[in-house]
Amino acid sequence: MNTTKVTSGKTPINSQIVTQKIKDSKLDDLGNATIREIKRLVDEIEKATGEKFIRMEMGIPGLPPAKVGVQAEIEALKKGVAAIYPDIYGIAQLKTEASRFIKLFMNLDVSPEGCIPTAGSMMGSFASFMTIHRCNPDKDTVLLINPGFPVHMQQLKVLGIKSESFDVYNFRGEKLRDKLESYLSKGNISCLLYSNPNNPSWICFTEKELSIIGELCKKYDVIPIEDLAYFAMDFRKDFSKPGQPPFQPSVANYTDRFILTISSSKAFSYAGQRIGLLIISDELFNRSYPNLKNYYAKDLFGYSMIFGTLYALSAGITHSAQYALAEILRAANDGEFNFVEEVKEYGEKAKIMKEFFTRYGFKIVYDKDENEPIADGFYFTIAYPGMDGGELLKELLYYGISAITLQITGSERTEGLRACVSLVQRNQFADLEYRLKRFKEDHPL
Ligand SMILES: Cc1ncc(COP(=O)(O)O)c(C=O)c1O
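It should be emphasised that the depicted structure is a prediction, and the values quoted were computed from it without experimental measurement. (Residues numbered from 1 in each chain as written. Predicted model: local features only at pLDDT ≥ 70, side-chain atom pairs only at ≥ 80, totals over all residues.)

Points about the site of the ligand
Stated formally: All residues are tested the same way: a C-beta atom is placed from the backbone, and lying within 6 Å of a molecule or strand makes the residue near it. Classification used: nonpolar for Ala, Val, Leu, Ile, Met, Phe, Trp, Tyr, Cys and Pro, charged for Asp, Glu, Lys and Arg, polar for all others including Gly.
In the neighbourhood of the ligand, 13 residues make up the surrounding shell, with Gly120, Asn199, Ala229, Ser263 and Ser265 lying closest. Partitioning the shell around the ligand into residue classes produces four nonpolar, eight polar and one charged.

Considering helix 4 (residues 92-106)
Stated precisely, the cut-off is as follows: Helix and strand definitions follow DSSP, with helices as H or I runs of at least four residues and strands as E runs of at least two, each counted in order from the N terminus. Expected span of a helix: the number of residues minus one, times 1.5 Å. Whether a residue is buried, exposed or partly exposed is read from the other C-beta atoms within 10 Å of its own C-beta, which are placed from the backbone; 20 or more gives buried, 12 or fewer gives exposed, and intermediate counts give partly exposed. Here the contact rule is simple: place C-beta atoms from the backbone, and any two residues whose C-beta atoms are within 7 Å are in contact.
In this model, helix 4 (15 residues) spans 21 Å end to end at C-alpha, consistent with the 21 Å of a helix rising 1.5 Å per residue. Within helix 4, the full set of buried residues consists of Leu94, Lys95, Glu97, Ala98, Ser99, Phe101, Ile102, Leu104, Phe105 and Met106. Next to the buried residues of helix 4 lie strand 2 (115-118), strand 8 (276-280) and helix 11 (319-333). Phi turns positive one or two residues past the end of helix 4, at Asn107, with a value near 60 degrees.

What to know about the packing of helix 4 against helix 11
So the rule is basically this: Axis angles are defined between N-to-C directions and span 0 to 180 degrees, where every axis is a line fitted to C-alpha atoms and, for a helix, only to the segment in contact. For a crossing to be left-handed, the near helix must be turned anticlockwise from the far one by less than a right angle; the clockwise case is right-handed.
The N-to-C vectors of helix 4 and helix 11 enclose an angle of 35 degrees; their axes lie 9 Å apart at closest approach. Here the hand of the crossing between helix 4 and helix 11 comes out left-handed. Of the residues in helix 11, those touching helix 4 at Gln93, Leu94, Glu97, Ala98, Arg100, Phe101 and Leu104 are Gln322, Leu325, Ala326, Leu329, Arg330, Ala332 and Asn333. Its residues assigned to classes, the contact of helix 4 with helix 11 comprises eight nonpolar, three polar and three charged.

A look at the UniProt feature "domain: Aminotransferase class I/classII large" (unreviewed entry) in the protein chain
Short version of the rule: UniProt positions are given in the numbering used here, feature names are shortened, and annotations may be inferred rather than shown by experiment.
Mapped onto the present numbering, the UniProt feature "domain: Aminotransferase class I/classII large" (unreviewed entry) falls at residues 62-364. End-to-end, the C-alpha atoms of residues 62-364 are 23 Å apart, and along that stretch the chain is 42% helix and 14% strand.

Examining the environment of Gln322
Residue placement: Gln322 occurs in helix 11. By C-beta crowding, Gln322 is classed as buried, having 26 other C-beta atoms within 10 Å. Sequence separation between Gln322 and Tyr379 is 57 residues; the distance between their C-alpha atoms is 28 Å. Setting aside chain neighbours within four positions, we find Gln322 in contact with Pro86, Gly90, Ile91, Leu94, Pro117, Ile275 and Ile317.

Some details on the nonpolar core
Using the following cut-off: Nonpolar cores are identified as sets of buried Ala, Val, Leu, Ile, Met, Phe, Trp, Tyr and Cys residues joined via C-beta atoms within 7 Å.
Ranked by internal contacts, the top residues of the largest apolar core, which has 138 residues, are Ile223, Ile259, Ile279 and Ala419. The residues touching Ile279, leaving out its near neighbours within four places in the chain, are Ile102, Val110, Gly114, Cys115, Ile259, Leu260 and Ile262.

With respect to the sheet that holds strand 12 (residues 379-383)
Which entries qualify depends on this criterion: Each pair of strands is called paired provided DSSP finds at least two bridges between the two strands.
Strands sit in the order 9-12-15-14 across an open sheet of four strands; the sheet is antiparallel. With one partner strand each, in any of the chains shown, strand 9 (363-364) and strand 14 (404-405) form the two edges of the open sheet. Relative to strand 15 (residues 417-420), strand 14 runs antiparallel, the two being bridged by two bridges. Residue pairing across strands places Ile404 opposite Arg418, the latter belonging to strand 15.

A closer look at helix 14 (residues 429-442)
The line we're drawing: Arc definition: it is the arc formed by the directions from the helix axis to the C-beta atoms.
Between its first and last C-alpha, helix 14 extends 20 Å over 14 residues, near the 20 Å set by a 1.5 Å rise per residue. Among the residues of helix 14, those classed as buried are Leu432, Arg435, Leu436 and Phe439. Angular distribution of buried residues about the axis of helix 14 spans 100 degrees; they occupy a single face of the element. Along helix 14, exposed side chains directed more than 90 degrees from the buried face belong to Ala430 and Glu441. Tucked inside the fold, the buried residues of helix 14 contact strand 1 (54-55), helix 12 (339-359) and strand 13 (401-402).

Right, here's the structure in full:
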């Protein structure tokens, strides 16, 4: 059991400065601090001490953007697309390539009509919540399968939509069925959302779990929104070959009414251009919900989404970015661009970093997918015996390591932190190991 807390004495980062900066930040409880608040605090400490942190708080890509995208975007801009309003539903080649991509990498059939560009996948979930909420007045609540991305919770808050949630940690495998049914059977759930691979825990639902989610969504007429922000990034399997199994797993294999949000931010390192895809299954796209007529010109889901919600939100997505994404997808579809290979570096770094943390007394919090160890990827979760998340986060700042607590992700594992590997450079590994070693010496177990 650790008893020593570092508030004075010699730590890798000047402890007086860290203590002062925490005080200045006015963050009473670091356990509740948002990602941006932690970022600002660490910026301040780095500035005051001149020391570089092992920064693991923000989930931003650490790789250069997909070159094919940049080239296509430059070409499009030179041709003058910046002057012209793009169609709300997206440019033709993007819709066609997106539909091909879904076929080639997921083995699913979705018409180009239902493949719609959005300003990042965040806009896809926002637009989905808005439209789905208007389908049936009896279904007024969204279920979040947590842990999750805090911004989804924020979206529901600003939309004034009720939500329920549970931490999936204790409900893996067959146990998920009863837990999920206990929510869906009440009849008030309109849609549910989860990310897979999961931010923050990097758990990936197994085929059995996806089938349970799909079957129950079908049974209770609930729309699953599957957030594929980390498309094909479960590196335990090779999802990189177009048209060849294995394919990116999906709930879409178990229900014909689904929404997928696909981000280009991580898989294609294209976060800055804010372009993603909203994929609506054909069955859902063409479905009639009489209640939609109270808000939109028609009762059809796809029509209302495009000409109602998306029109109201942004009236189309940046023209040049659509050309970029169309070309990225075309190159991936034609086997010219192996996007999975480009991002494998995240998994390789995670493997090494997890090994350092566990060597110096840390535990991986979300450690298994049913019986299998979780994949190495963009994030992993850590805890240190005897400390809660807020305390651990604070202590690590004295050792030049930053992360966020799991508490803000809807996780019940309040002892844990989320570590993101993307911004950590390999040339910082020696520093990381030294700092963790010092941490363990100062916090004996
Ligand atoms: C689970 C999850 N969903 C969505 C997003 C946002 O994606 P985009 O940049 O496409 O809006 C992220 C980004 O970190 C994420 O982790």
